[in-house]
Amino acid sequence: SQEAQRYNFRFVRHARDAPLVSYYNYIIVGGGTAGCPLAATLSEHSRVLLLERGGLPYGNRNDGVVNARARVLGGGSCLNAGFYTRASSAYVRASGWDHRLVNASYRWVERALVFRPGVPRWQCALRQGLLEAGITPDNGYTLEHVPGTKIGGTIFDRRGRRHTAADFLRQAHPRRLTVFLHATVSRILFRPAEGLARPVASGVVFTDPLGVEHHVYLRRGGSKNEVILAAGTLGSPQLLMLSGIGPRLHLEKHGIRTIHDQPGVGQGVADNPMNSVFVPSPIPVALSLVQVVGVTRFGSFIEGVSGSQFGIPLHGRGAARHAARNFGMFSPMTGQLGTVPPRERTPEAMRRAAEVMRRLDRRAFRGGFILEKILGPLSTGHIELRSTDAHANPAVTFNYFRDPRDVERCVRGIEAIERVARSRAFSRFTYANHTAMEAAFRRAAGTAYFPVNLLPRHSRDTRPLQQYCRETVMTIWHYHGGCHVGGVVDRDYRVMGVQGLRVIDSSTFKYSPGTNPQATVMMLGRYMGLRILKERWIRKGAEDKH
Ligand SMILES: Cc1cc2nc3c(=O)[nH]c(=O)nc-3n(C[C@H](O)[C@H](O)[C@H](O)COP(=O)(O)OP(=O)(O)OC[C@H]3O[C@@H](n4cnc5c(N)ncnc54)[C@H](O)[C@@H]3O)c2cc1C
């Protein structure tokens, strides 16, 4: 695309043009939120290959809880809500990170793609409502994670244009970095270590869209050369297992030869439950994604998105025809709240879903969501292979709300949302006469046909808010874990029990950092890139002296 050309991305190529065999100092699997800053940083001094199964983001306009993950250069940063906010200093301390280097890495990220949002009225009302609801102090605009209410950063610029982790590649060394797109890595290669018990990663195999296998090896002679997985929470544990690193019994079930029996791979994955309340507005509401957050002291973070009728012209000719086909964020076809499961999206299912939506009162689409995400969470699950095909999604179980403390956090979050919705500050965006509005909605074809997840109803809890939390749980797409620090990787993100292999992405987190994770995922890519380069040069200096 023109944009890619403007950025001078001559090092980005299609996998079908890749040689069948090639050699690099670092092979990074996954050009996502962590992989791009990592590749840009490592290319400052070494030959780096970045392999991404998706395509370019530029020029592209377009358990029962339905979820999504990215397949594009830039990863999750290409489809997320764009909110940018750092981890708390307690999180940084607990992670054993170097505070100074963390701050320098956050600043590097922020110089490249973080903006201060222009806050529309609905978000201003949310902010004031949060303060009225007692989520204080008012911290103004800040990227820091602090209790109270604040405006955070965004990766959308003032013109509303999204910037993504792929933008970091503008800072890469253009002759030291090679990126292959549409390159799906199917396994990591190992060679037996001479005289050592631990197997050594020696390269990877990837397939191009024609199904041709390409082998990439680490250059020999450099003991610091490495394969680094940055394939995300679902991708990295999957690839470790496909390569023989994981729970032995599970690998044997799929006929995979065990390279290293590692029971922690795929364990401890978590997805912060998100529950939201749609607040219908008597007046049209401008589109806004997350800009404001209330950081409560009871372990719940409150945010909002508004103007869900985006894509529907509010006035003018063609508005009705357009509205009949487009439900914006609710769209069964494309919207993040589309509730027809991806595999069931047949034309007939889509037609039925659209029909139900068409019967709803148009006013049902005017307003905004106030949502809450819980800290942690304490409920965790696991990832398992479904097959040995690297293109197939693994099976993921998050066990939402298994730990009752998660439910209580949700309940307190929903109570806070109710206070915000009833606040004086929010009054122009809510109906004074709630009962009349509810009756209008009930008449309009019934929202019962409009579930937000595929979970059974009324199964566990009879207390109304607890039940509301369980029944309306969605994802906020902040899933993490599966390759925990201390379980699968050590504090330097090296996979324990093997050599020459690290994992650097959201799969290493035990808890989701800050209120929203992308800032820290990007920071980690830069931070670990700098640390790996430093290790390399210290080592090289020592070797040069001998
Ligand atoms: C809809 C949505 C909304 C969100 N909103 C926000 C928000 O507002 N603020 C925020 O902070 N966070 C948000 N997040 C979360 C945030 O975007 C993620 O936590 C983050 O992107 C995870 O980064 P990652 O590097 O771990 O994985 P990813 O960014 O997903 O990168 C993994 C990459 O690896 C590639 N890959 C996987 N397997 C292979 C393979 N075998 N071979 C080659 N390539 C492979 C994938 O295609 C992908 O590009 C949101 C996420 C989503 C999905």
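In what follows, the structure referred to is the one given above.
Cut-offs and rules
Residues numbered from 1 in each chain as written. Predicted model: local features only at pLDDT ≥ 70, side-chain atom pairs only at ≥ 80, totals over all residues. Heavy atoms only, no water. Helix = DSSP H or I, 4+ residues; strand = E, 2+ residues; numbered from the N terminus. Areas by Shrake-Rupley, 256 points an atom, 1.4 Å probe, with all protein chains shown as cover. Disulfide = S-S within 2.5 Å. Buried < 20%, exposed > 50% of the residue type's maximum accessible area, 1.4 Å probe, protein only. Phe/Tyr/Trp six-rings, centres within 6.5 Å; stacked < 30°, edge-to-face > 60°. Pairing = 2+ DSSP bridges. Axes fitted to C-alpha atoms, helices over the stretch in contact; angles between N-to-C directions. Contact = heavy atoms within 4.5 Å. Near = heavy atom within 4 Å. Polar contact = N/O pair within 3.5 Å; in protein donor to acceptor, adjacent residues only side chain to side chain. Nonpolar A, V, L, I, M, F, W, Y, C, P; charged D, E, K, R; others polar. 1 Å grid on protein atoms, 1.4 Å probe; cavity = no way out; pocket = protein on both sides within 12 Å on 5 of 7 lines; lining within 4 Å. Points joined across faces, edges and corners; volume = space filled by probe spheres on them. Core = buried A, V, L, I, M, F, W, Y, C linked by side-chain atoms within 4.5 Å. Domains from an automatic or database assignment.

Student: Could you give an account of the overall build of the chain, with specific residues and numbers?
Tutor: Across its full length, the chain carries 13 helices and 24 strands. Just so you have it, the chain exposes about 23900 Å², and 51% of that area is on carbon and sulfur atoms.

Student: So what's going on with the state of the cysteines? Residues and values would help.
Tutor: The final tally for this structure, using the stated rule, is one disulfide. Two residues share a disulfide in this structure: Cys410 and Cys469, whose sulfurs sit 2.1 Å from each other. One quick way to see it: the torsion about the S-S bond of Cys410 and Cys469 is about -95°, and its sign makes the bridge left-handed. Residue Cys410 is located in helix α10 (residues 404-421), and its partner Cys469 is located in helix α12 (residues 464-471); the two are separated by 59 residues in the primary sequence. Cys469 carries the same exposure label as Cys410, and that label is buried. Left without a disulfide partner, Cys36 is nearest to the cysteine sulfur of Cys78, which lies 7.8 Å away.

Student: I'd like to hear about the packing of aromatic side chains, residue by residue, with values.
Tutor: The tally for this structure, following the rule as stated, stands at 13 aromatic pairs. Summarising the aromatic geometry, the rings of Trp122 and Phe426 are spaced 5.5 Å apart at their centres and angled 75° between planes, so their arrangement reads as edge-to-face. Of this pair, Trp122 sits in helix α5 (residues 121-132) while Phe426 sits in the loop between α10 and α11 (434-443), and the two are 304 residues apart along the sequence. The same class applies to Trp122 as to Phe426, namely buried. Of the aromatic side chains, those joined through ring pairs into one cluster are Tyr91, Trp97, Phe509 and Tyr527.

Student: Any details on the sheet that holds strand β11 (residues 200-207)? Residues and values, ideally.
Tutor: Ordered by their spatial adjacency, four strands build an open sheet running β2-β12-β11-β10, and the pairing between neighbours is mixed. Because the sheet does not close on itself, it has two edges, and the strands there are β2 (21-24) and β10 (184-191). Neighbouring strand axes in the sheet, compared pairwise and without regard to direction, differ in orientation by 25° on average. When β11 meets strand β12 (residues 213-218), the two strands line up antiparallel, connected through five bridges. Each residue of the ladder has a partner; that of Val204, found in β12, is Val216.

Student: Can you break down the environment of Val485 residue by residue, with the values?
Tutor: Secondary-structure assignment places Val485 in the loop between β23 (474-475) and β24 (501-503). Note: C-alpha distance between Val485 and Met496 (eleven residues apart in sequence) is 9.7 Å. Beyond its immediate stretch of four places on either side in the chain, Val485 contacts Asp490, Arg491, Tyr493 and Thr508.

Student: Describe the site of the ligand, and please don't skip the residues or the numbers.
Tutor: Near the ligand lie 34 residues; those nearest to it are Thr33, Glu52, Arg53, Ser506 and Gln518. A distance of 2.8 Å is found between an oxygen atom of the ligand and a side-chain nitrogen or oxygen belonging to Arg53. Contact between the ligand and Gly76: an oxygen atom at 2.8 Å from a main-chain N or O atom of the residue. Within the complex, 95% of the 1000 Å² of free accessible area of the ligand lies under protein. Those elements that place two or more of their residues in the shell around the ligand are β4 (48-52), β10 and α13 (518-545). Across the shell around the ligand, the residue classes break down as 15 nonpolar, 15 polar and four charged.

Student: Summarise unusual backbone geometry; cite the residues concerned and give the values.
Tutor: A cis amide bond links Thr136 with the next residue in sequence, Pro137, at an omega value of 5°. Tracing the chain through its elements places Pro137 in the loop between α5 and β6 (138-141). Here the amide bond leading from Gly376 into Pro377 is cis, since omega sits at -10°, within 30 degrees of zero. Locating Pro377 in the fold gives a position in the loop between β20 (367-374) and β21 (381-384). A positive phi is found at His182, a non-glycine position, where the angle reads about 60°. Examined against the element boundaries, His182 turns out to sit in the loop between β9 (177-181) and β10.

Student: I'd like a rundown of helix α6 (residues 232-242), residues and numbers included.
Tutor: Burial runs high along α6: eleven of the eleven residues are buried. Taken as a whole, α6 has its buried residues at Gly232, Thr233, Leu234, Gly235, Ser236, Pro237, Gln238, Leu239, Leu240, Met241 and Leu242. Positive phi shows up at Gly244, right after α6, with a value of about 95°.

Student: Residues and numbers for empty space enclosed by the protein, please.
Tutor: As a volume, the largest cavity reaches approximately 40 Å³. Taken together, the residues of the lining of the largest cavity sort by class into six nonpolar, two polar and two charged.

Student: Pulling in residues and values, what's your account of the nonpolar core?
Tutor: Trp97, Leu169, Leu240 and Leu501 are the most contacted members of the largest nonpolar core, which has 121 residues in total. Broken down by element, this core gets its largest block of residues, nine residues, from α13. Each of domain 1 (2-114 + 162-269 + 478-545) and domain 2 (121-151 + 273-375 + 401-472) contributes no fewer than three residues to this core. Counting residues in hydrophobic clusters, the runner-up holds seven residues, among them Phe83, Val290, Val305 and Phe369.

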